[in-house]
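Fold and geometry: a report
Spelled out from the first residue to the last, the chains are:
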Amino acid sequence: ASSSSSQAQSAPSQWSQQATAASSSCQPQEASSSQHSVPIASQASSSSQAAASSSQNLAKAGSAATCASGVKSAGESGKRPPGWSQKASHNLALIDDVDPCILRISDSRASGAAAAARSTRGFRSGKHFWQVHVVMCSDWSYVGFVAEDWTAVNNPIGRGPQSWGVAANGVAYAGEQQVGNLKTYGSGSCIRFVVDMDAKVASVIVDGEEFPNTFGELPPTVFPAASNCRSPAEYRLSFTSEPQAGTASNENKK
């Protein structure tokens, strides 16, 4: 992926209206604003998490975080652990049978569209943290989050309604509009999200570099999400804190 502004400006701006005009329609371009997502969980150890999510500590927390999945096995928890949702995803987005935090997206060029998926766990109140390790970057990967009623699985995350995302060239999108320029990323990168669902803002940390309040005016609930553009992609999702009160969840559902 390229971070040049000339590439960003040359890319088409109406992905959501023409998902079938595949070739260049999901390449990044410019800026806008954000909101969206689903499920909710239980609250504990909020004071230390609140401190870690303050804007002064975001970069430090992001660089210290790892991108290991860090989830309990289904056997330990007695139910399927949180991860990517097979139900809320494109049919080319496949969740690993053993580790539901691993998402593999097949080449989608033949369909003339992207392929996207969201997680089984979402957030509606309090401060929450998650990260996505880009195991394999697509031609244009998109990582971010979506709202509860999101259904645009053929669109890159951020390039369709009810979604917010950061493209591999660093361009941030909110509901189809470009809202900023962050930092380029690729295979091996780690993108961390810090959401404050009470203030309705989300900060992003790309490979340890902090971008506070990248997205604002978030919807009532948000779910982590990711997509390719055309070529294959692979992502590993990690929830970097125990669920707090205000975590919505479809964790018993695939």
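This write-up is about the structure you can find in this document. (Residues numbered from 1 in each chain as written. Predicted model: local features only at pLDDT ≥ 70, side-chain atom pairs only at ≥ 80, totals over all residues. Heavy atoms only, no water.)

Moving on, we come to the pairing of strand β3 (residues 102-105). Note: strand β2 (residues 93-95) against β3, 3 bridges, orientation antiparallel. Following the sheet pairing, Ala-93 is matched in β3 by Ile-105. Between β2 and the antiparallel strand that follows it, β3, lie 6 residues. Bridge count between β3 and strand β14 (residues 233-239): 4 bridges; the pairing is antiparallel. Each bridged residue has a counterpart across the sheet, and for Leu-103 the counterpart in β14 is Tyr-235. (Pairing = 2+ DSSP bridges. Helix = DSSP H or I, 4+ residues; strand = E, 2+ residues; numbered from the N terminus.)

Once that is clear, we can look at the sheet that holds β14. One open sheet accounts for 7 strands, arranged β2-β3-β14-β5-β10-β11-β12; its pairing is antiparallel. Whereas interior strands pair on both sides, the edge strands pair on one side only; in this sheet they are β2 and β12 (209-216). The sheet shows a mean angle of 25° between the axes of neighbouring strands, direction not considered. (Axes fitted to C-alpha atoms, helices over the stretch in contact; angles between N-to-C directions.)

It is worth spelling out the packing of aromatic side chains at this point. Taken as a whole and judged by the stated rule, the model has 8 aromatic pairs. Between Phe-123 and Trp-130 the ring centres are 5.7 Å apart and the planes differ by 10°, which places this aromatic pair in the stacked class. Neither Phe-123 nor Trp-130 differs from the other in exposure class; each is buried. Aromatic side chains Trp-130 and Phe-193 sit 5.3 Å apart centroid to centroid with 20° between the ring planes, which places their arrangement in the stacked category. (Phe/Tyr/Trp six-rings, centres within 6.5 Å; stacked < 30°, edge-to-face > 60°. Buried < 20%, exposed > 50% of the residue type's maximum accessible area, 1.4 Å probe, protein only.)

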